[in-house]
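The residues making up each chain are set out below.
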Amino acid sequence: MTGDDLRAAVAAVQQVFARVPDGAAAVPTLGTDVVGVAAHITSCLTWYAQDLVAGPVEVSAFDVVRRPDADLAEICLQLAAATEVLARVVDAAGPAERGAHDWGLADASGFAGMGCAELLLHTGDVAADRELDWTPPSRLAEATRARLFPWAPADADPWAALLWATGRGELPGREPVTSWRWHCAPLSEWDGTQPA
């Protein structure tokens, strides 16, 4: 996955946030409000860019927190900027560069995949809780599923497979997922099993 995938994902996500009239509207699935979800995604993308640049040593000397008075419009501008920063870092990274993440030493495509997952999945949470009809672009859902969840079925609807892999939905003939993690290290290092 690349910076262009991140750019396409944030464009799709911004359309959902633009349809939410009240940033303080609850998102019970995540225990916060719409502004809180957008701020969470923004902080994740900011950290992912730093993690990739920092390399295999974890950096966590600072917290990234939103101003209490920041509204949804402001957060969405910052979200777009954080996405672009991560996209540029991903695109500039060499093929051997790795960054620390709790679930493995991710390469640039892994960080792009994680950024897309944060954008798509949490926006899906907002859409579901706020009863907004939304499905991300199929190509993005499939690319994210294939990069981070190679064990999820490739023959299922890509968005349904991504939701299933993260415990957010069910797939016919598959056991529900109750505990999950993604594979952010290079795909060549995947052992062929579904992590527990």
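Structural data are supplied above this passage.
S.K.: Describe the nonpolar core, and please don't skip the residues or the numbers.
M.R.: By size, the foremost hydrophobic cluster in this structure holds 64 residues, and its most contacted members are F17 and L119. Listing elements by their share of this core, those giving two or more residues are α1 (3–18), α2 (34–54), α3 (72–92), α4 (108–129), α5 (138–148) and α6 (158–165). Each residue touching L119, except ones within four places of it in the same chain, is listed here: L6, A9, V10, V13, I41, L45, L79 and T83.

S.K.: Please provide a residue-by-residue account of the side chain of H122, values included.
M.R.: Position of H122 relative to the elements: it lies in helix α4. Overall, the relative accessible area of 11% leaves H122 in the buried class. When neighbours within four sequence positions are excluded, H122 is seen to be in contact with L30, V37, H40, I41, A117 and R168.

S.K.: Which residues make up the side chain of D107, and what are the values?
M.R.: Counting through the fold element by element, D107 comes out in the loop between β4 (104–106) and α4. D107 gets classed as buried once you look at its relative accessible area, which sits at 11%. Separated by 3.1 Å, the side chains of D107 and S109 make a polar contact.

About the criteria used
- For every chain, the first residue of the written sequence is number 1, and numbering continues from 1 onward in sequence order.
- Only residues with pLDDT of 70 or above have their local features reported here, since the model is predicted, and side-chain atom pairs are shown and tallied only from 80 upward, although totals for entire chains, interfaces and linings are computed over all residues.
- Neither water nor hydrogens contribute to the side-chain values; these are computed over all heavy atoms in the structure.
- Nonpolar core, defined: a set of buried Ala, Val, Leu, Ile, Met, Phe, Trp, Tyr and Cys residues in which side-chain atoms within 4.5 Å join the residues together.
- Exposure is judged per residue with a 1.4 Å probe applied to protein chains only, and the accessible area is read against the type maximum: over 50% gives exposed, under 20% gives buried, and values in between give partly exposed.
- For helices the rule is a DSSP run of H or I covering at least 4 residues; for strands it is a run of E covering at least 2, with both sets numbered from the N terminus onward.
- Residue contacts are defined here by distance: any two heavy atoms, one from each residue, within 4.5 Å place the two residues in contact.
- Whenever a nitrogen or oxygen atom comes within 3.5 Å of another N or O atom, the pair is scored as a polar contact, on the condition that within protein one atom can donate a hydrogen and the other can accept it, and that pairs from neighbouring residues in sequence are kept only if both atoms are in side chains.

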